[in-house]
Amino acid sequence: MKNSNIEGIKASSSRKKINKLFATVTTSLFLSSKKVQAKEEKKNNWKQITLPVDTVLFDLDFVKNSPEHGWLVGSKGTFLESVDGGENWIPRTFANLDPDEELTYRFENISFFGDDGWVIGKPAIMLHTKDGGKSWLRVPVSPKLPGEPISITALGPDMAEMTTSSGAVYVTDNGGRNWKAQVKETIDSTLNRTISSGVSGASYFTGSVIGVIRDTKGKYMAISSRGNFFLTWEPGQEFWIPRARDTSRRIQSMGFIQNNSENGIWMSTRGGGLSFTGSKPDLTSVNPLDFSQANIKTGGYGILDVSYRTEKEIWAACGGGTLYKSLDNGKNW
């Protein structure tokens, strides 16, 4: 009987030690998990940057040879420079523009390749730098240009690719002195020729496009100014291909997944709709692209832009100052 009690006490003591050890390990794992989660949350936190202007901002880019060196452009001649990775921004002016004249411009697009950079804006203006922004030269814009310049991409020393609101695509390899057309006809000419193709909304085309997007291989998408259809073009094609949207809602914005058409295309529609194609959509075919709806609830706010941080982590910027994040390639938000 005495031995039995002793064995019971030993067993009870062993269970207490095991339970204590289990509790310690569990607590340790919980705290460790909390630390990892806190680090992850800290890593994903957004920080508001104070700017010396209150104008509307349109675009920014960083000098590839100096990642800490960036430029930010906007309305009323806004032109800001940062040399510390975007922590602080300093207003800059152009030596070859009168201060009063500069206020009338709305700089909308900026692009760098190495130290070679380009800026375009409205009224039609183009600027070029070869030294990372230390000095800028004004490049003449022909009044005979079909449409207004709406995007420009730096491709190398003195090399750039420009698109206009009429769907014209031009390239230069001599700093903008000469431009070579890449598309044989403007978008309105294409639609007049293919109006019987059955693209819904094409008959209401107003003659201009918005939201021109270029992937890393030079393929383009453009949204009609009314948002009722979109178009695609890739190098080697003679004209844009008009495409019907996959929903009754008008298109808000579009883009290439991870800036590469091989990974697919995303489309946002008015009211907060979002859809994706699969990988390698056929942009050479006139057949409709197959989109799948994403399960995102924005409360009716439109999705203005979508960006991939990794293959599975996606961020969506919505109206109302709201950000949505997905960690499973858009399945949950």
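Scroll up a little and you will see the structure.
Enquirer: If you had to explain the nonpolar core to someone new, which residues and values would you point to?
Expert: Phe 79, Phe 107, Ile 110 and Trp 136 are the most contacted members of the largest nonpolar core, which has 14 residues in total. Secondary-structure elements contributing two or more residues to this core are strand 2 (70-74), strand 5 (106-113) and strand 7 (125-129). Broken down by element, this core gets its largest block of residues, three residues, from strand 5. Those residues in contact with Trp 136 that sit more than four places away from it in its chain are Trp 71, Phe 79, Phe 94, Asn 96, Ile 110, Phe 112, Gly 117, Trp 118, Val 119, Leu 127, His 128 and Thr 129.

Enquirer: So what's going on with unusual backbone geometry? Which residues, and what values?
Expert: Here the bond from Lys 122 into Pro 123 is cis, since omega is -10 degrees, no more than 30 degrees from zero. With respect to the secondary-structure elements, Pro 123 resides in the loop between strand 6 (116-122) and strand 7. Residues other than glycine seldom take positive phi values, yet Gln 258 does so here, at roughly 55 degrees.

Enquirer: Account for the sheet that holds strand 3 (residues 79-82), with residues named and values stated.
Expert: The strands that make up a sheet pair up through hydrogen bonds in the backbone, lying either parallel or antiparallel. Taken together, the four strands give an open sheet; going across it, the order is 1-2-3-4, and neighbouring strands pair in antiparallel fashion. Looking along the sheet, the strands with just one partner apiece sit at the ends: strand 1 (57-62) and strand 4 (90-91).

Enquirer: Tell me what's going on with the packing of aromatic side chains, and back it up with residues and numbers.
Expert: Overall, the coordinates contain 16 aromatic pairs when judged by the stated rule. On the basis of an interplanar angle of 75 degrees and a centroid distance of 5.9 Å, the ring pair of Phe 79 and Phe 107 is categorised as edge-to-face. Note that Phe 79 is positioned in strand 3 and Phe 107 in strand 5, a separation of 28 residues in sequence. On the basis of relative accessible area, Phe 79 is assigned to the buried category, the value being 2%. Classification of Phe 107 by relative accessible area gives buried; the value is 0%. Here Trp 233 and Trp 240 contribute two aromatic rings whose centre-to-centre distance is 6.5 Å and whose plane-to-plane angle is 40 degrees, an arrangement assigned as tilted. Trp 233 sits in the buried class, given a relative accessible area of 2%. Assessed through its relative accessible area of 1%, Trp 240 is described here as buried.

So, how was this worked out
Residues numbered from 1 in each chain as written. Predicted model: local features only at pLDDT ≥ 70, side-chain atom pairs only at ≥ 80, totals over all residues. Heavy atoms only, no water. Core = buried A, V, L, I, M, F, W, Y, C linked by side-chain atoms within 4.5 Å. Buried < 20%, exposed > 50% of the residue type's maximum accessible area, 1.4 Å probe, protein only. Helix = DSSP H or I, 4+ residues; strand = E, 2+ residues; numbered from the N terminus. Contact = heavy atoms within 4.5 Å. Pairing = 2+ DSSP bridges. Phe/Tyr/Trp six-rings, centres within 6.5 Å; stacked < 30°, edge-to-face > 60°.

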